[in-house]
Structures are given as structure tokens and as C-alpha cells.
Amino acid sequence: MTLKLGLPKGSLQNATFDLMHRAGYKVSVAERSYYPAIDDPNISCMLVRAQEMARYVEDGALDCGLTGYDWVVENNADVHSVCSLVYAKQSFGRVRWVLAVPEASSIQSVKDLEGTTIATELVGVTKRWLAENGVAAKVEFSWGATEAKLPNLADAIIEVTETGSSLRANKLRIVDTVLESTTQFIANKEAWADSVKRAQIEDMVMLLQGAIAALDKVGLMLNVQSADLEKVLAVLPALRKPTISHLSDEGWLAVNTILEENVVRTIIPRLKAAGAEGIVEFPLNKIVM
């Protein structure tokens, strides 16, 4: 049974393809094509803009897909959220939709938006947020370059950001956070109720989560004499307790562990000083817990 998978086109595309590769799926797409090739005969892929993904999954045109939680909420889509996959276009983290204004603006809170004009791509969420706060303001859809709408075309914007650097570069000030979002793996409810498709989805999600868990981590293996084991273990900050096994040479042990990549350069010299030998660092694609 072929699983119809939607992959996000646009800002999330490269990060998603990289994540799929780490998870063990080879995905490629020709220029101007909307149908990526994948090395799994039981999966067919289609590139869809994240803003539209939830609607197509809800309608059953796609069995499942990856899109932002923000666009699921924006479209009020009736889909099953399988899991959150914490990655984004610049870094593997969360993004925020924030209320931003020019640095010199008198707006200090959502209450100060009464009677103003707000530009955003997230119109539905913004209107609901204003209503929840008892504020009446004009919300206009922005087709892009939203920061440029200030101050001549709008009084404030609701814009997505990961680090806030683009807003600061445009001399804008963040007033409030409207919504936090991560990439969601979503499924059509009928597809999720189908035992075969659900098993396919669950297997894929497990591998994707394993790929995310392995980000910025490496494996480390080494040999050590039994007498020096405690000194070596005292140096290692492990994801879990290291795996220790006996070698054919009596009195020697092999130690395997997982470390944050950014600490390895300081730990290897300390391991060597503690008596470790044959130290090997190796990359990880997945960590399945």
C-alpha cells in the first residue's frame, strides 16, 4: 500500500530533505518538479507549501505530511498530530510568531493595538489572538517582505522569527509572542485509522525522531585497562551509562558511549591522560531510544 507523503516546499525544504537523509531515506527532486523521488517503493512524495499542507492532509489528497504547527492552527485543520519534530529552516529549533513594531513606536502591549493596522501572513491566528485580548484592529494579509510594511503601510506586524536577528536588523522591536511553532508530522484521520498506513507512519516517525536525537552528537569508543576504568568513566558525560565489554586481551576493556559533539575536543585529551587508548570518534545518523 503506497503512503502519500507531503514534504514542505520552500523554507523548510532543504532542512526536511536533510532530516529524511539522516533518517535513512534518499529523497531527491528535479528542478521545477513537485514530485520528489524516494528510495522506498511504498511511499510517494509530493512537494506542497507548508501553508497548504494541513488542508490537503485533512481532505485526504495526502495521507500524511510535515508542516508547521502554525499552519495547522491557521487553517483550523482537522488532522491527527503524530508528533512534533523540533527543527526549522535555519536551526533545528522552534520558531515564534511575534508582534513587532518600529523601535520608536508607542505600542508596548497587545492592548495598544486598538484601532491600528496589522500586517501578517497569519491572519486567522492574529484575528483570534486579538479577539481573545478584547482588541479591535484591522488585520491585513501580507504577501511577504512584511518588515517593509512598517511604518508607512502598517502600525505593527505579526512575523515569524527564529532568532530575531532580521527584525533587529530592520530596527524593529518585539512586543509579544503570539504563537510558538515547531514542525509537526500530521496524518489524515482515515489514514491513521488504517492499520497498514499507521504502521508505515509510525516507522517513519521513529526514524525521523532518531535522526533529530542524533543531531550534534557523536559516538566515541576506546580501550582501557581494567585498572584505569574508573578514571576514564569519571571523565565521560554519557547520554546513558557507557557500554563496557571485555576484549580478548585479559585486563583490557572496550568502552562505547555517546557525547555532545562540542565537548569531544576537550574530553579526548583528558581520556588519553586517564589511560584510554585506541580512541575513535564517529558520526551518528540516528539514536533510537
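No experiment lies behind these values; they were computed from the predicted model shown. (Residues numbered from 1 in each chain as written. Predicted model: local features only at pLDDT ≥ 70, side-chain atom pairs only at ≥ 80, totals over all residues. Heavy atoms only, no water.)

Per the counting criterion, the structure on display carries two aromatic pairs. Arranged with centres 5.8 Å apart and planes meeting at 90 degrees, the rings of Trp71 and Trp97 form a pair that is edge-to-face. Remark: Trp97 occurs in strand S7 (residues 95-102) and Trp71 occurs in helix H3 (residues 69-74); sequence separation between them is 26 residues. Across the pair, exposure class does not vary: Trp71 and Trp97 are buried alike. Ring geometry for Phe141 versus Trp143: centroids 4.8 Å apart, planes at 85 degrees, classification edge-to-face. For Trp143, a relative accessible area of 81% corresponds to the exposed category. Stacked on the ring of Tyr34, the Lys or Arg Lys9 has its end atom at 5.1 Å from the ring centre. (Phe/Tyr/Trp six-rings, centres within 6.5 Å; stacked < 30°, edge-to-face > 60°. Helix = DSSP H or I, 4+ residues; strand = E, 2+ residues; numbered from the N terminus. Buried < 20%, exposed > 50% of the residue type's maximum accessible area, 1.4 Å probe, protein only. Lys NZ or Arg CZ within 6 Å of the ring centre and 35° of its normal.)

Attention shifts here to unusual backbone geometry. The omega torsion of the bond from Leu150 to Pro151 falls at -5 degrees, within 30 degrees of zero and hence cis. Along the chain, Pro151 turns up in the loop between strand S9 (138-141) and strand S10 (156-161). In this structure, Lys171 takes a positive phi of about 60 degrees despite not being glycine. Positioned with a positive phi, Asp216 is a non-glycine residue whose angle comes to about 65 degrees. Relative to the elements of secondary structure, Asp216 occurs in the loop between helix H7 (195-213) and strand S13 (217-225). What makes Asp216 exposed here is its relative accessible area of 55%.

Right, let's talk about the pattern of salt bridges for a bit. The full count for this structure, using the stated rule, is eight salt bridges. With a shortest N-O distance of 2.6 Å, Lys189 and Asp78 are connected by a salt bridge. In this pair, Lys189 is assigned in helix H6 (residues 189-193) and Asp78 in the loop between H3 and strand S6 (80-85), connecting sequence segments 111 residues apart. On the accessibility criterion, Asp78 (43% relative accessible area) is partly exposed. A salt bridge links Glu202 to Arg198; its shortest N-O distance comes to 3.2 Å. Residue Glu202 and its partner Arg198 are located together in helix H7, separated by four residues, close to a single helical turn. (Salt bridge = Lys/Arg side-chain N within 4 Å of Asp/Glu carboxyl O.)

The interhelical angle for the contact between helix H1 (residues 13-23) and H7, taken along N-to-C directions, is 100 degrees, at an axis separation of 8 Å. Judged by the angle between their axes, H1 and H7 are roughly perpendicular. Contacts between H1 and H7 pair Leu19, Met20, Arg22 and Ala23 from the former with Leu207, Leu208, Ala211 and Ile212 from the latter. The residue makeup of the contact of H1 with H7, split by class, is seven nonpolar, no polar and one charged. (Axes fitted to C-alpha atoms, helices over the stretch in contact; angles between N-to-C directions. Parallel < 35°, antiparallel > 145°, perpendicular 65-115°, else oblique. Contact = heavy atoms within 4.5 Å. Nonpolar A, V, L, I, M, F, W, Y, C, P; charged D, E, K, R; others polar.)

Further remarks concern the nonpolar core. Ranked by size, the top nonpolar core spans 27 residues in total, and within it Leu5, Leu7, Tyr25, Phe185, Ile201 and Leu208 carry the most contacts. For this core, the elements supplying multiple residues, two or more each, are strand S1 (3-9), H1, strand S4 (43-49), strand S5 (64-68), S6, strand S12 (183-187) and H7. At six residues, H7 tops the list of elements feeding residues into this core. Residues contacting Leu5, with those up to four places away along its chain left out, are Met20, Ile43, Ser44, Cys45, Met46, Leu62, Cys64, Gly65, Leu66, Phe185 and Met204. By size, the runner-up hydrophobic cluster in this structure holds 21 residues, among which are Trp97, Val110, Trp129 and Leu130. (Core = buried A, V, L, I, M, F, W, Y, C linked by side-chain atoms within 4.5 Å.)

Once that is clear, we can look at the sheet that holds S12. Within the open sheet, the five strands sit side by side as S4-S1-S5-S12-S6. Their pairing is mixed. Taken across any chain shown, the strands that pair with only one partner, and hence form the sheet edges, are S4 and S6. Ignoring strand direction, the axes of neighbouring strands in this sheet form an average angle of 25 degrees. Note: S1 against S5, two bridges, orientation parallel. Residue pairing in the sheet places Leu5 in a bridge with Cys64 of S5. In the packing of helix H2 (residues 50-59) onto the sheet, the strands contacted are S1, S4, S5 and S12, and the crossing angle to S4 comes to about 130 degrees. (Pairing = 2+ DSSP bridges.)

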